[in-house]
Amino acid sequence: MGTTTFIEGSIAVAKTIGVCRPQVISAYPITPQTHIVEHLSELVAEGELKTEYVNVESEHSAASVVLGASATGARAYTATTSQGFLLMIEVLFNIAGMRLPIIMTCVNRAVSAPINIWNDQQDSLTARDSGWIQLYAEDNQEASDMHLQAFKIAENKDIMLPVMVCMDGFVLTHSFEPIELISQEDADKFLPPYKPQYYLNPKNPLSFGTMVGPDGYMETRYFLEKTMRDSQQVISDVAAEFHNQFGRFHGGLIDTYKVEDATHVFVAMGSVIGTLKDIVDEQRAKGQKIGVLKIRSYRPFPKDEIYKALNHVREIIVLEKAISLGYGGILANEIKSVFYGKPKTPKINGYIIGLGGRDITIDTIHHVIKDAVNTSFEEKFIGLNEALIK
Amino acid sequence: MRLDLGAIAKAGTSKANQTGGWRNYKPIFHQEKCIGCGLCKIYCPEGCVTMIEKKKYTVDYTYCKGCGICAEECPSGDIEMFVEEK
Amino acid sequence: MTTTTVTGPKEQACDTLLAAGHTACTGCGEALAAKLVLGAAGRDIIVTDATGCLEVFTTRFPQSSWEVPFIHSLFENSAAVASGVEAALKALGRQNEAKVIAQGGDGGTADIGLQALSGMLERGHNVLYVCYDNEAYMNTGVQRSGLTPFDCMTTTSPYGEYSWGNKHNKKDMPGIAAAHGIPYVATASVAFPKDIENKVKKALTIPGPKYLQIHSPCPLGWRSNPHLTIKVAKLAIETGLYPVFEMENGKITKVRKVKTPKTPVEEYLKIQGRFAHLFKSPKGQEEIQKIQEIADRNIEKYGLA
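Residues numbered from 1 in each chain as written. Chains lettered and ligands numbered in written order. Predicted model: local features only at pLDDT ≥ 70, side-chain atom pairs only at ≥ 80, totals over all residues. Heavy atoms only, no water.

## Here's the deal with the overall build of chain B
Then, number 1: Along chain B, the regular secondary structure elements total two helices and four strands.
Then, number 2: For chain B, the sequential pattern of α-helices and β-strands runs β-α-β-β-α-β.
Then, number 3: In summary, chain B has a C-alpha radius of gyration of 16 Å against a globular reference of 12 Å for 86 residues, an excess of more than 25%.
Then, number 4: Referenced to the eigenvectors of the C-alpha coordinate spread, the extents of chain B come out at roughly 55 × 30 × 15 Å.
Then, number 5: Evaluated residue by residue, chain B yields a buried proportion of 56% over its 86 residues. (Helix = DSSP H or I, 4+ residues; strand = E, 2+ residues; numbered from the N terminus. Rg over C-alpha atoms; globule rule 2.2 N^0.38 Å. Buried < 20%, exposed > 50% of the residue type's maximum accessible area, 1.4 Å probe, protein only.)

Here it is as structure tokens:
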């Protein structure tokens, strides 16, 4: 088994990427993703990781390099955040459309303007329709473990979709926790070498990235959507398999904490889940039956699992670190859609919190609870500085 | 060939597309004055001129779009363009 | 498609590595250039291609004209994708399996793809980059690019009372490539297939990044007669407007000389509709004189006389 080390989140993730044996890595440095790619570079420089590490001149090229590498049959990895992520988006759609099982870490950070290097989740949520599987990690142990799972999900021959592991910038990437690192031996046991069915080679000269007209384009999107839905089972299976081998379970498509008998449930993604669990324990001690549902797989969006887990609750409180401007909370509205047409709909309130690195404190959550009890069916910002918006 | 896996196509399959149907002018290779330089074959953007034997070239009308480069560049005047009869 | 009865001989199949049945326009210089590049490179290659005419007329799913492994991703990333292909071949121990050739048009190379190309050249990838230069965005309907020549009429640099066409000089793309300190930079023309063959073959024997720019007339965009594709291409060289040279390790080692006495640029300009406006008024003569000066400067700079 692996060893437990007190280690920074970024380094833990880089070490896990290392034992996944990526054959080509390409990335462009951007805060707060830097520690991941710096450590990977060190592993390569020290000869601990045998990979072609391509230092590129932009995130657009980083994504394009791993695209070319994956199409040639290599296991490929990249990482970015925020503006770099936005610059990559054109290529991200392309990678998914070409069905290349690339893994990337999206370190979640706010987007400009105004420029802000701190955490929220606006970057990855902006690409929710790109065809990438999006997984969100609660803590560094999960972020680390999720990367090993991601390769296995992506490379499943029935899936062949890229997977994005999302982890909150600074909150996770720069924090130290005791992490059980995965050994090379265990990683190899879990993740077999990548054997693509089709790849660029002169013996079988295929053409990739062809033009598809009105007579077939819709079908390509149909296949993507169908595979996305099929991937739900694979994501669950891989999590179970991981649990079986490593003894750690962070949830499949979702994870729940004290939801079974709860009347009130928080729904959120990423590192805020830890804070919410503390609140749940605190409130339960006061007699309130409250729980947390963690969205682990945001795309595919596990509607059925969420419905099954929450159909008994009275009230759902969705907390999210992103917004669809002019529309409101993205996750809150998607949670509302889970209950459309169902016999019983809980009260669902959505709250925008923690944008651009605004602290989410225990007080913030208390404020949310108070507000949710008193209002209904609204989405609002919580934690605003009233003095600044007068 | 695999629309479901990102629209992967097989090599050389465009040959099923008979672009000869586009032709307004048709090259005739007289095969009389040919000096065997091969420029007609080399310069053909379709790659549809072939050598039968030395000093004897021919064009595959299945694909020939009738651009007339072969006739224009033929140094011996062995190739002539005619209006395509449809 | 019209239903012409196909008559005449039909014996051996066409044997080019860019298969027939592609949908390039009649007399397309780019299709010819790509055919010649593949013919010289042989089957053991992997090619990438930027979005543009070449990609569109060769890969209409489920068909493909490529007899070699081919990948198209986006407009501006052909060089970056090729970098990834090359890195993967190295990582997988398959370097000897295939040479990598990246392709793009002039817009995909010198404008939107310049950054990715610069990265590829700077990093020293073992890739031959081929730019098919037809001097405008032809696939989208003949808009000007950074490689459109001075005073050339395009749909976004039209001729009018206040305009003689493209206001800017053609970007010195080979010079930009050479400034990266790469071992091999060359220009060529579809008018000289043997020269293309020699340059491709030579480039593929040199390790590291190589840049080859091939002048490829576009009858549609240049408003020239399709059967004159080679003639037009030859005149570009004979007038000195398109210097054809080879540059090894930063030094020009070989040039194609212009004819003596030199061919005036009018000879080249007058057979193309994209320059027809220069012949409509006496003032146009002054513009033609400016173009002649460009040719003269080229002749001097590259030693073409």
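Picking up after the structure, the text goes on.
## Considering the overall build of chain C
Then, number 1: Each helix and strand in chain C was counted, giving 11 helices and 10 strands.
Then, number 2: Taken over C-alpha atoms, the radius of gyration comes to 19 Å for chain C, in line with the 19 Å a tight globule of 305 residues would show.
Then, number 3: In terms of overall dimensions, chain C has C-alpha extents of about 65 × 55 × 35 Å along its principal axes.
Then, number 4: Here chain C holds 305 residues, and the buried ones make up 62% of them.
Then, number 5: When the accessible surface of chain C is summed, it comes to about 11300 Å², and 54% of that surface belongs to carbon and sulfur atoms. (Areas by Shrake-Rupley, 256 points an atom, 1.4 Å probe, with all protein chains shown as cover.)

## Some details on the environment of Lys171 of chain C
Then, number 1: Within the secondary structure, Lys171 of chain C is located in the loop between β6 (163–164) and α6 (173–178).
Then, number 2: Sequence-distant contacts of Lys171 of chain C, that is, excluding residues within four places in its chain, are made with Ala110, Asp111, Leu114, Gly146, Leu147 and Ile176 of chain C. (Contact = heavy atoms within 4.5 Å.)

## Overview of the interface of chain C and chain B
Then, number 1: Opposite the 46 residues of chain C that make contact, chain B presents 47 residues.
Then, number 2: Joining chain C to chain B, the criterion identifies four salt bridges.
Then, number 3: Linking Glu73 of chain B and Lys234 of chain C is a salt bridge whose minimum nitrogen-to-oxygen distance equals 3.8 Å.
Then, number 4: Scanning the region where chain C abuts chain B turns up 19 residue pairs in polar contact (both at pLDDT 80 or more).
Then, number 5: Secondary structure elements with two or more residues in the side of chain C that touches chain B: α1 (29–41) and α9 (229–238) of chain C.
Then, number 6: Partitioning the side of chain C that touches chain B into residue classes produces 22 nonpolar, 16 polar and eight charged. (Salt bridge = Lys/Arg side-chain N within 4 Å of Asp/Glu carboxyl O. Polar contact = N/O pair within 3.5 Å; in protein donor to acceptor, adjacent residues only side chain to side chain. Nonpolar A, V, L, I, M, F, W, Y, C, P; charged D, E, K, R; others polar.)

## Some thoughts on the packing of α1 of chain C against helix α7 (residues 193–205) of chain C
All names here are of chain C.
Then, number 1: For the pair α1 and α7, the least separation of the axes is 8 Å and the interaxial angle reads 50°. The angle between the axes of α1 and α7 places the two elements in the oblique class. The handedness of the crossing between α1 and α7 is right-handed. Residue-level contacts link Leu36, Val37, Ala40 and Ala41 of α1 to Pro193, Ile196, Glu197, Val200, Lys201 and Leu204 of α7.
Then, number 2: Residues belonging to the contact of α1 with α7 are distributed by class as follows: eight nonpolar, no polar and two charged. (Axes fitted to C-alpha atoms, helices over the stretch in contact; angles between N-to-C directions. Parallel < 35°, antiparallel > 145°, perpendicular 65-115°, else oblique. Left-handed = near helix turned anticlockwise from the far one by under 90°.)

## Digging into the confidence of the model for chain C
Residue and element names in this part refer to chain C.
Then, number 1: On average, residues of chain C carry a pLDDT of 95, and 95% of them reach 70 or more.
Then, number 2: Counted against residues more than four places away or in other chains, residues 1–12, with its pLDDT under 50, gives 28 contacts.
Then, number 3: With a pTM of 0.96, the predicted complex shows an ipTM of 0.97. (pLDDT = per-residue confidence, 0-100.)

## Observations concerning the state of the cysteines
Then, number 1: As enumerated under the stated definition, the model contains zero disulfides over all chains in all.
Then, number 2: Left unpaired, Cys166 of chain A is separated from the closest cysteine sulfur, that of Cys106 of chain A, by 4.9 Å.
Then, number 3: By relative accessible area, Cys166 of chain A is classed as buried at 1%.
Then, number 4: Looking at the unpaired Cys40 of chain B, the closest cysteine sulfur is the one in Cys37 of chain B, lying at 6.3 Å.
Then, number 5: Under the relative-accessibility criterion, Cys40 of chain B is labelled buried at 11%. (Disulfide = S-S within 2.5 Å.)

## Observations concerning the sheet that holds strand β8 (residues 210–215) of chain C
Then, number 1: With mixed pairing, the nine strands of this open sheet are ordered in space as β9(A)-β2(C)-β1(C)-β3(C)-β4(C)-β8(C)-β7(C)-β9(C)-β10(C). Edge positions in the sheet fall to β9 (207–208) of chain A together with β10 (251–255) of chain C, since each has one partner strand and no second.
Then, number 2: Set on the sheet, α1 of chain C makes contact with β1 (45–49), β3 (99–105), β4 (127–133) and β8 of chain C; between it and β4 of chain C the angle comes to about 160°. (Pairing = 2+ DSSP bridges.)

## Digging into the packing of aromatic side chains
Then, number 1: Scanning the entire structure with this criterion turns up 14 aromatic pairs over all chains.
Then, number 2: Geometrically, the ring pair formed by Phe242 of chain A and Phe246 of chain A is stacked, given 4.4 Å between the ring centres and 25° between the ring planes. Taken as a pair, Phe242 of chain A and Phe246 of chain A lie in helix α8 (residues 217–246) at a separation of four residues, close to a single helical turn. Phe246 of chain A matches Phe242 of chain A in its accessibility class, with the two residues each being buried.
Then, number 3: Aromatic side chains Tyr268 of chain C and Phe275 of chain C sit 6.4 Å apart centroid to centroid with 50° between the ring planes, which places their arrangement in the tilted category. Like Phe275 of chain C, Tyr268 of chain C is buried.
Then, number 4: Following the ring pairs from residue to residue traces out a cluster consisting of Tyr136, Tyr298 and Phe301 of chain A.
Then, number 5: The positively charged end of Lys65 of chain B is found above the aromatic ring belonging to Trp22 of chain B, 4.6 Å away from the centroid. (Phe/Tyr/Trp six-rings, centres within 6.5 Å; stacked < 30°, edge-to-face > 60°. Lys NZ or Arg CZ within 6 Å of the ring centre and 35° of its normal.)

## Side note on the side chain of Thr16 of chain C
Then, number 1: Looking at the element boundaries, Thr16 of chain C is found in the segment before α1.
Then, number 2: In this structure the side chain of Thr16 of chain C is engaged in a polar contact, spanning 2.9 Å, whose partner is the backbone oxygen of Leu18 of chain C.
Then, number 3: Those residues in contact with Thr16 of chain C, other than ones at most four positions away along the chain, are Glu46 and Gly47 of chain B together with Lys35 and Glu67 of chain C.

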